[in-house]
Amino acid sequence: METETFTTHNEEETIKLGEKFASVLIKGDVVLFYGDLGAGKTEFIKGICRHFKVDEIVTSPTFTIMNQYSGLIDNQEFTIYHVDLYRIKTKDELDEIGFEDCLFSPDAIKLVEWAENANGIVKFSNYTVKIKADFDDETERLIEIIKN
Ligand SMILES: Nc1ncnc2c1ncn2[C@@H]1O[C@H](COP(=O)(O)OP(=O)(O)O)[C@@H](O)[C@H]1O
Ligand SMILES: [Mg+2]
């Protein structure tokens, strides 16, 4: 397990960090995001999507639970799943959205916010990103990237 820690000072810096981080990702990877509401998980994911030249607008799928984007690796299209489990309470709800199928799709990159709500189902992830806000500084974020 390898951990790198970063501090960002505004939204754009977090997006840029996500963009830079994305260059290590390969198809099939799962990335889990931890952090309170408003920590910056979705901003970081916007950066990942920017790296992969996603055209669709990247927003928190808080109500839709799962967004699907089309990205590019070496000019080849592939799928990015952006999942937000904030509202998920039961395994049935996860089954309804096809979460497990999504998790195991070998050709897609899976980005999961609030994975703690799928404990027991998400058994492995390639990376974990933990984001903490600073109480004193409204726009400072401590971002830990763990390679599992
Ligand atoms: N350093 C920062 N990094 C990321 N977001 C920041 C930062 N400073 C302020 N923000 C603001 O915090 C909010 C983060 O929102 P979002 O990424 O949707 O959070 P989450 O997905 O973790 O709930 C945005 O409104 C953004 O403008
Ligand atoms: Mg979010």
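See the structure shown above.
The text that follows walks through the structure, step by step, so that each part is easy to find. (Residues numbered from 1 in each chain as written. Chains lettered and ligands numbered in written order. Predicted model: local features only at pLDDT ≥ 70, side-chain atom pairs only at ≥ 80, totals over all residues.)

### Structural notes on the overall build of the chain
- Counting its secondary structure elements, the chain contains four helices and seven strands.
- Here the C-alpha atoms of the chain give a radius of gyration of 14 Å, agreeing with the 15 Å that 2.2 N^0.38 yields for 148 residues.
- Projected onto its principal axes, the C-alpha positions of the chain cover 40 × 40 × 30 Å.
- Counting across all 148 residues of the chain, residues that qualify as buried make up 34%.
- Residue pairs at least 24 apart in sequence account for 66% of intrachain contacts in the chain once pairs closer than 6 positions are excluded. (Helix = DSSP H or I, 4+ residues; strand = E, 2+ residues; numbered from the N terminus. Rg over C-alpha atoms; globule rule 2.2 N^0.38 Å. Buried ≥ 20, exposed ≤ 12 C-beta atoms within 10 Å, placed from the backbone. Contact = placed C-beta atoms within 7 Å.)

### Topic: the sheet that holds strand β1 (residues 2-8)
- The strand order across the open sheet built from seven strands is β1-β7-β6-β2-β5-β4-β3, with neighbouring strands paired in mixed fashion. Two strands lie at the open edges of the sheet, namely β1 and β3 (66-73), each paired on one side alone. Sheet twist, expressed as the mean angle between neighbouring strand axes with direction ignored, is 20°.
- Sheet analysis places β3 next to strand β4 (residues 76-84), joined by eight bridges and oriented antiparallel. Bridge pairing in β4 links Leu72 to Glu77.
- Sheet contacts for helix α1 (residues 11-21): β1 and β7 (141-147); angle to β1, the most-contacted strand, approximately 150°.
- Across the sheet, helix α2 (residues 41-51) is in contact with β2 (30-34), β3, β4, β5 (109-113) and β6 (127-133); its angle to β5 comes to roughly 165°. (Pairing = 2+ DSSP bridges. Axes fitted to C-alpha atoms, helices over the stretch in contact; angles between N-to-C directions.)

### Details of the nonpolar core
- Counting residues in each nonpolar core, the largest one holds 33 residues, and the members touching the most others are Leu32, Ile48, Ile80, Leu111, Val112 and Val129.
- For this core, the elements supplying multiple residues, two or more each, are α1, β2, α2, β4, α4 (99-103), β5, β6 and β7. (Core = buried A, V, L, I, M, F, W, Y, C linked by C-beta atoms within 7 Å.)

### As for α2
- The element α2 is extensively covered by neighbouring structure, given that nine of its 11 residues are classed as buried.
- Within the span of α2, buried status applies to Lys41, Thr42, Glu43, Phe44, Ile45, Lys46, Gly47, Ile48 and Cys49.
- Buried residues in α2 make contact with α1, β2, β3, β4, β5 and β6.
- After α2 finishes, the residue Lys53 shows a positive phi value of roughly 55°.

### Some thoughts on the site of ligand 1
- Around ligand 1 lies a shell of 18 residues, among which Thr14, Gly40, Lys41, Thr42 and Thr139 are the nearest.
- Of all the secondary structure elements, the ones that give two or more residues to the shell around ligand 1 are α1 and α2.
- Tallied by class, residues from the shell around ligand 1 come to two nonpolar, 10 polar and six charged. (Near = placed C-beta within 6 Å. Nonpolar A, V, L, I, M, F, W, Y, C, P; charged D, E, K, R; others polar.)

### What about the packing of α1 against α2?
- Two elements in contact, α1 and α2, have axes separated by 6 Å at closest approach and are oriented at 45°. When the axis of α1 is compared with that of α2, the two are oblique. Judged by the sense of rotation from one axis to the other, the crossing of α1 with α2 is right-handed. Every residue of α2 that contacts α1 at Glu11, Thr14, Ile15, Lys16, Leu17, Gly18, Glu19 and Phe21 is listed here: Glu43, Phe44, Ile45, Lys46, Gly47, Ile48, Arg50 and His51.
- Class assignment for the residues of the contact of α1 with α2 results in six nonpolar, four polar and six charged. (Parallel < 35°, antiparallel > 145°, perpendicular 65-115°, else oblique. Left-handed = near helix turned anticlockwise from the far one by under 90°.)

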